[in-house]
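Report on the structure
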Amino acid sequence: AQTVTQSQPEMSVQEAETVTLSCTYDTSESDYYLFWYKQPPSRQMILVIRQEAYKQQNATENRFSVNFQKAAKSFSLKISDSQLGDAAMYFCAHQGGSEKLVFGKGTKLTVNP
Amino acid sequence: DTGVSQNPRHKITKRGQNVTFRCDPISEHNRLYWYRQTLGQGPEFLTYFQNEAQLEKSRLLSDRFSAERPKGSFSTLEIQRTEQGDSAMYLCASSLGRGGTDTQYFGPGTRLTVL
């Protein structure tokens, strides 16, 4: 069974600085997808970025980028130029042959002005 | 495209009562998923539909839970004889289901409180 581990329950960053959130996963599948979702307080979960495991190039979306290390089964999220609106719970998720998403427990990100 | 919608947004019920939640997916999305999220945890998969067919159910989905998607459009999740342990946020998501990176888009959730 797939598992996803986020070892940082909470992180904080100063506005305009860069922060990296960690995620490791365990899977026996060779073809899968990885995602980072953001869940602001009392608001719905939204997709931040996604990565196909067969692609070696790391995905980027504006200020968000990932460091995908397939052999190490690591998938970290880097947020550059942090903004107050980035404050949220961030969830790492894995999707394999079964269509379901398997989530980590999340990292609460605080952005300090 | 108005996104995934869920109703009600909040539900408070007494232990032993039945509750039903509704999810309306993004139009033209063939797949619909239900997840449950408890405080301080990531969402956990419950079940999913491809059109009207329920293709996978988690062991978390006890006999008291039933989900339907009768015409391949909206879905309902019913919990019978609710227990305090059922208190959680119930999330619905939908995706195109046509291959490739099948990204799931989430609704705002229904927060259930069982007294």
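Data block above holds the structure.
So, here is what we can say about the structure in this document. (Residues numbered from 1 in each chain as written. Chains lettered and ligands numbered in written order. Predicted model: local features only at pLDDT ≥ 70, side-chain atom pairs only at ≥ 80, totals over all residues. Heavy atoms only, no water.)

Notes on the interface of chain A and chain B
Convention followed: A contact between two residues is defined here by any heavy atoms of the two lying within 4.5 Å. Buried area adds together the accessible area that both of two parts lose upon being put together, with accessible area traced by a 1.4 Å probe. Salt bridges, as used here, are contacts in which a Lys or Arg side-chain nitrogen is within 4 Å of a carboxyl oxygen on Asp or Glu. Between N or O atoms, a polar contact is any pair within 3.5 Å; within protein, one atom must be a potential hydrogen donor and the other a potential acceptor, and residues adjacent in sequence are included only when both atoms are from side chains. Secondary structure elements follow DSSP: runs of H or I no shorter than four residues count as helices, runs of E no shorter than two count as strands, and numbering proceeds from the N terminus. Classes in brief: Ala, Val, Leu, Ile, Met, Phe, Trp, Tyr, Cys and Pro nonpolar; Asp, Glu, Lys and Arg charged; the others, Gly included, polar.
Facing the 18 residues of chain A at the interface are 20 residues of chain B. Both faces considered, chain A and chain B share a buried interface measuring about 1,700 Å² in area, 50% of it formed by carbon and sulfur atoms. Per-residue buried area on chain A facing chain B is highest for Gln44, Glu99 and Lys100 of chain A; these three make up 30% of the total on that side. Remark: the boundary between chain A and chain B carries two salt bridges. Its salt-bridge partner being glutamate 56 of chain B, residue lysine 100 of chain A comes within 3.9 Å of it at the nearest N-O pair. Our count for the contact surface shared by chain A and chain B stands at seven residue pairs in polar contact (both at pLDDT 80 or more). Listing elements by their share of the side of chain A that touches chain B, those giving two or more residues are strand S5 (33–39), strand S6 (46–52), strand S10 (88–95) and strand S11 (101–103) of chain A. A per-element tally of the side of chain A that touches chain B places S5 of chain A first, with four residues. Looking at the side of chain A that touches chain B, its residues break down into eight nonpolar, five polar and five charged.

Some thoughts on the state of the cysteines
We apply this condition: By convention in this document, the label disulfide applies to cysteine sulfur atom pairs within 2.5 Å. Think of it in three bands: residues with accessible area under 20% of the maximum for their type are buried, residues over 50% are exposed, and the middle band is partly exposed, with areas taken using a 1.4 Å probe on protein chains only.
Per the stated rule, a full pass over the model turns up two disulfides over all chains. Here cysteine 23 of chain A pairs with cysteine 92 of chain A through a disulfide, and the sulfurs are 2.0 Å apart. What sets the handedness of the cysteine 23 of chain A and cysteine 92 of chain A disulfide is the S-S torsion sign, and at about -70° it is left-handed. Remark: cysteine 92 of chain A occurs in strand S10 and cysteine 23 of chain A occurs in the loop between strand S3 (19–21) and strand S4 (24–26); sequence separation between them is 69 residues. For cysteine 23 of chain A, a relative accessible area of 1% gives the class buried. The disulfide that involves cysteine 23 of chain B links it to cysteine 92 of chain B, with 1.8 Å between the sulfurs. One quick way to see it: the torsion about the S-S bond of cysteine 23 of chain B and cysteine 92 of chain B is about -70°, and its sign makes the bridge left-handed. Residue cysteine 23 of chain B is located in strand S3 (residues 19–24), and its partner cysteine 92 of chain B is located in strand S9 (residues 88–95); the two are separated by 69 residues in the primary sequence. A single burial state applies to cysteine 23 of chain B and to cysteine 92 of chain B, both of which are buried.

Side note on the environment of lysine 71 of chain B
Residues and elements named next belong to chain B. Within the fold, lysine 71 resides in the loop between strand S7 (65–68) and strand S8 (75–79). Take lysine 71: its relative accessible area is 75%, and that puts it in the exposed class. Lysine 71 sits 20 residues away from leucine 91 along the chain, and the two C-alpha atoms are 20 Å apart.

Section: the layout of surface pockets
The condition that has to hold: A cavity, in this analysis, means grid points on a 1 Å lattice covering only the protein atoms where a 1.4 Å probe fits yet has no way out; a pocket is instead an open set bounded by protein on both sides within 12 Å along at least five of seven lines, and a residue lines either one if it has an atom within 4 Å of a point. Grid points are joined across faces, edges and corners, and a volume is the space filled by probe spheres set on the points.
Roughly 540 Å³ of internal volume is contained in the largest pocket. Around the largest pocket sit 24 residues that line it, and Gln39, Pro40, Pro41 and Ser42 of chain A together with Arg111 of chain B are the ones nearest its centre. The set of elements that each furnish at least two residues to the lining of the largest pocket consists of S10 and strand S12 (107–112) of chain A together with S9 of chain B. It is S10 of chain A that provides the largest number of residues to the lining of the largest pocket, a total of three residues.

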